[in-house]
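Notes for the structure review
Listed below are the residues making up each chain.
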Amino acid sequence: MFDPLWKLALGLLTGMIFGLLLQKGRVAKFHVIVNQFLFRDWTVVKIMGTAVVVGAIGIYALLPTDALSLHIKPLVWFGVVVGGICFGSGMAIFGYCPGTSVAACGEGRHDAMVGVLGMLLGAGLYVVFYPQLSGLLKSWGDVGKITLPEWSSTSPWLWVGGLCLLAVGAFAMFARSSGSGTPRRQEDARQQRSAV
C-alpha cells in the first residue's frame, strides 16, 4: 500500500528542500503572489515552471530505474473543472497556493496558518462526503487513467522536450519585458517597511 521507507524519506527530504527554495525565492510572500495575479511580478511562474520542468525530467529519467512509481489518477473532466474553480477561487481569496501557504506557515505568518487550517477542514469534509460526491464527479467525462504520451502514442520525452522549449521561451520573454527587475525589489522594500 505504501512506498518503501527510503522512498518516503527521500520525498520528505526533497519536500523540505523545495520548501526552503520557495522561501528563499520569496514565493511564500503574500504580495508576490498578489502581484503575480496583477501581472506585475513573474517570480511565481518562474519558480513553479522550473519545478514542473525539473520534475518532469526527473520523473521520466528515474522511472526506468524503479526508483519511483507513478500513481496516475483518472482524468474526470467534471472533477477537473470543479476542482480548478475551487482551487482558483481559494487562491484568489486566500492569496496563497497550498504549497506556498505551508512555506508561509514555516515563516510564522498567521494569515497562512488560518488558511492551512481551512484547507485541512475542506479536505476533511471532502473525505467525509466523498461517497456521495464520487458518483456526481465521475458522471461526466471519465476518460480513465491516461497520460498525454499515452493519449498521443508518442514518447514522453517529446512532451518533456516541448515543455523545456516552452520554459526557455517564457524565460526569454520575462527577461526581455522585466529589464533589470529593480522596480520589483523597490516595491518589496516599500512593503516590508510598511509592514514594520
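Calculation notes
- Residues numbered from 1 in each chain as written.
- Predicted model: local features only at pLDDT ≥ 70, side-chain atom pairs only at ≥ 80, totals over all residues.
- Heavy atoms only, no water.
- Helix = DSSP H or I, 4+ residues; strand = E, 2+ residues; numbered from the N terminus.
- Expected span 1.5 Å × (residues − 1).
- Phe/Tyr/Trp six-rings, centres within 6.5 Å; stacked < 30°, edge-to-face > 60°.
- Buried < 20%, exposed > 50% of the residue type's maximum accessible area, 1.4 Å probe, protein only.
- Core = buried A, V, L, I, M, F, W, Y, C linked by side-chain atoms within 4.5 Å.
- Contact = heavy atoms within 4.5 Å.
- Axes fitted to C-alpha atoms, helices over the stretch in contact; angles between N-to-C directions.
- Parallel < 35°, antiparallel > 145°, perpendicular 65-115°, else oblique.
- Nonpolar A, V, L, I, M, F, W, Y, C, P; charged D, E, K, R; others polar.

1. Brief notes about helix α4 (residues 77-94)
Over its 18 residues, α4 extends 25 Å from the first C-alpha to the last, a length consistent with the 26 Å expected when each residue adds 1.5 Å. A positive phi of about 85° marks G95, the residue just after α4.

2. What about the packing of aromatic side chains?
Throughout the structure, instances matching the rule amount to 7 aromatic pairs. Plain terms: the ring middles of W42 and F174 are 4.8 Å apart, the flat faces sit at 20° to each other, and that makes the pair stacked. Within this pair, whereas W42 is found in the loop between α2 (30-37) and α3 (43-62), its partner F174 is found in helix α8 (residues 156-178), the two being separated by 132 residues in sequence. A residue is classified by how much of its surface remains accessible, and W42, at 25% relative accessible area, is partly exposed. Judged by centre distance (6.4 Å) and plane angle (65°), the rings of Y60 and W157 are edge-to-face. In this pair, Y60 sits in helix α3 while W157 sits in helix α8, placing the two residues 97 residues apart along the sequence.

3. Here we look at the nonpolar core
Counting residues in hydrophobic clusters, the biggest one holds 13 residues, and the most contacted among them are I33, V44, Y96 and A104. Those elements that provide at least two residues to this core are α2, α4 and α5 (98-106). Each residue touching V44, except ones within four places of it in the same chain, is listed here: V27, V32, I33, Q36 and G49.

4. Things to note about the packing of α2 against α3
Orientation of α2 relative to α3, taken along the N-to-C sense of each, is 95°, at an axis distance of 8 Å. With respect to each other, α2 and α3 are oriented roughly perpendicular. Residues V32, I33 and Q36 of α2 form the contact with α3, whose participating residues are T43, V44 and V45. Tallied by class, the residues present in the contact of α2 with α3 amount to 4 nonpolar, 2 polar and no charged.

5. Quick look at the environment of V76
Tracing the chain through its elements places V76 in strand β1 (residues 75-76). Separated by 62 residues in the primary sequence, V76 and K138 place their C-alpha atoms 6.1 Å from one another. V76 has contacts with L137, K138, W140, G141 and D142, leaving out every residue within four places of it along the chain.

6. Some words on the side chain of K7
Inspection of the secondary structure assignment puts K7 in helix α1 (residues 5-24). Overall, the relative accessible area of 17% leaves K7 in the buried class. Contact partners of K7, with chain neighbours within four places excluded, come to D66, A67, L68 and S69.

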